[in-house]
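Coordinate analysis (summary)
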Amino acid sequence: AARREKTLYFASLISFVAFAAFVLDLSMLGKIFTITPTQNAFLAWGVFALIIAYTYRLKLILTAGLACLIGYLSATVGTWGGCYWLSFGNRPENILFAGTVIVAAAAFFHGDRREFRPIYRNFGLLVLLSSVLALSHWGRGSYLSLPVETVEYGYQVAGFILSALVIWAGIRRQWPGTVNLGSTFFVIFLYTKFFDWWWDWMPKYLFFLVLGLMAVGLLLALRRLRNALKGGAA
């Protein structure tokens, strides 16, 4: 399919069929031989998907492979912390670590597949920021031995800082997808704080009016920041 159809549309579809078949076959072998399930299956699935992706330049199957690797890394870190591997989601910091590794990997392992770098970067940032967002409202899931309110407040501040840095880096490096991702999470963090502060006492029409005005203000601020950085680069 990759040789006959240069857009790789059908090759991408067939690659997902092959990936699904590999997942089912490996799972069935484990049941036949009564092998104890572990997170290593995620590693095998991820490596299989990455081999196909790098061989045929397929971006969709690359995303599936990265998702499997994130599952493997998160579960492995969770077992290091003493939990059962399937319970790694109870500690969002396990997933935060995996997302950080994927972001760092955006600078390596690509060779002539440079078009894969944005996928590593944006997918890893998505996982990382999602984990920070979860911890900003669920401090009990943290490994930190601090009061729950302190953990949540710390991750809220970290979320604002991290999403702002993502926006800055995306504008600086001309990465539109990264800018959009950082802007989305910055707005989410901001709106959740507005909800905590104002929802109970502010009239609902006024609450949504303030949110709309803030959204317009953020758009104008981001536009000015982008123009300023472009002018500085020139």
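Residues numbered from 1 in each chain as written. Predicted model: local features only at pLDDT ≥ 70, side-chain atom pairs only at ≥ 80, totals over all residues. Heavy atoms only, no water.

**Examining unusual backbone geometry**
Selection criterion: Under the scheme used here, helices are H or I runs from DSSP no shorter than 4 residues and strands are E runs no shorter than 2 residues, and both carry numbers assigned from the N terminus.
One non-glycine residue, Thr34, lies in the positive phi region at around 45°. Within the chain, Gln174 stands out as a residue other than glycine whose phi angle is a positive 60°. By secondary structure assignment, the location of Gln174 is in the loop between α6 (148-173) and α7 (176-198).

**Section: a nonpolar patch on the surface**
What counts, and what does not: Residues enter patches when they are more than 30% accessible in relative terms and free of salt bridges; like-charged ones are connected within 9 Å and nonpolar ones (Val, Leu, Ile, Met, Phe, Trp, Tyr) within 5 Å. Residue burial considers only the protein chains on display, and all accessible areas are found by Shrake-Rupley using a 1.4 Å probe. By definition here, a salt bridge exists when the distance from a side-chain nitrogen of Lys or Arg to a carboxyl oxygen of Asp or Glu is within 4 Å. To sort residues, take the accessible area from a 1.4 Å probe on protein chains only and compare it with the maximum for the residue type: under 20% means buried, over 50% means exposed, and anything in between is partly exposed.
A cluster of nonpolar side chains, contributed by Leu26, Met28, Leu29, Ile32, Phe33 and Ile35, occupies part of the molecular surface with about 600 Å² of accessible area. For Met28, a relative accessible area of 47% translates into the label partly exposed.

**Things to note about the pattern of salt bridges**
Counted under the stated rule, the structure contains one salt bridge. Among the salt bridges present, the one from Glu115 reaches Arg57, with a minimum N-O distance of 2.7 Å. You can see Glu115 sitting in the loop between α4 (92-104) and α5 (117-137) and its partner Arg57 sitting in the loop between α2 (40-56) and α3 (59-80), a full 58 residues away along the chain. On the accessibility criterion, Arg57 (36% relative accessible area) is partly exposed.

**Some thoughts on the nonpolar core**
For the record, the criterion: We define the nonpolar core as a collection of buried residues of types Ala, Val, Leu, Ile, Met, Phe, Trp, Tyr and Cys that are connected through side-chain atoms lying within 4.5 Å of one another.
Phe19, Ile61, Leu62, Leu66 and Tyr120 are the most contacted members of the largest nonpolar core, which totals 27 residues. For this core, the secondary structure elements donating two or more residues are α1 (9-32), α2, α3, α4 and α5. Considering each element in turn, this core owes the most residues, seven residues, to α3. The next biggest cluster of nonpolar side chains, apart from the first, holds 13 residues, and it includes Leu96, Leu128, Val166 and Phe189.

**With respect to the state of the cysteines**
Put simply, the rule is: Two cysteine sulfur atoms make up a disulfide if the distance between them is within 2.5 Å.
Under the definition given, this model contains zero disulfides. Distance from the sulfur of Cys68, which forms no disulfide, to the nearest cysteine sulfur (Cys83) is 19 Å. Accessibility expressed as a relative area gives 9% for Cys68, which makes it buried. Residue classification places Cys83 among the partly exposed positions, given a relative accessible area of 24%.

**A short note on the packing of aromatic side chains**
As a reminder of what qualifies: Ring geometry is summarised as follows: Phe, Tyr and Trp rings, the Trp one being its six-membered ring, pair when their centres sit within 6.5 Å, and such pairs are stacked at plane angles under 30 degrees, edge-to-face over 60 and tilted between the two.
Evaluated as defined, the whole model comprises eight aromatic pairs. Here the aromatic rings of Phe42 and Trp85 are separated by 6.2 Å at their centres, their planes lie at 75°, and the arrangement is edge-to-face. Of this pair, Phe42 sits in helix α2 while Trp85 sits in the loop between α3 and α4, placing them 43 residues apart in sequence. Ring centres of Tyr54 and Phe116 lie 5.0 Å apart, and the angle between their planes is 85°; on these two criteria the pair is classed as edge-to-face. Taken as a pair, Tyr54 in helix α2 and Phe116 in the loop between α4 and α5 lie far apart in primary sequence, 62 residues in all. Tyr54 sits in the buried class, given a relative accessible area of 18%.

**Thoughts on the packing of α3 against α5**
To keep it simple, the criterion reads: Fitted lines through C-alpha atoms give the axes, limited to the stretch in contact for helices. The angle between two N-to-C directions lies from 0 to 180 degrees. Note that the term roughly parallel is reserved for angles under 35 degrees, roughly antiparallel for angles over 145, roughly perpendicular for angles of 65 to 115, and oblique for everything else. Helix crossings fall into two classes, left-handed where the near helix is turned counterclockwise from the far one by less than a right angle and right-handed where it is turned clockwise. The criterion used for residue contact is that any of the two residues' heavy atoms lie within 4.5 Å.
Where α3 meets α5, the closest approach of the two axes is 11 Å, and the angle between their N-to-C directions is 40°. As the angle between them shows, α3 and α5 are arranged oblique. You can see that α3 and α5 cross each other, and the crossing is right-handed. Between α3, through Lys59, Leu62, Thr63, Leu66, Ala67 and Ile70, and α5, the contact on the second element is made entirely by Ile119, Tyr120, Phe123 and Val127.

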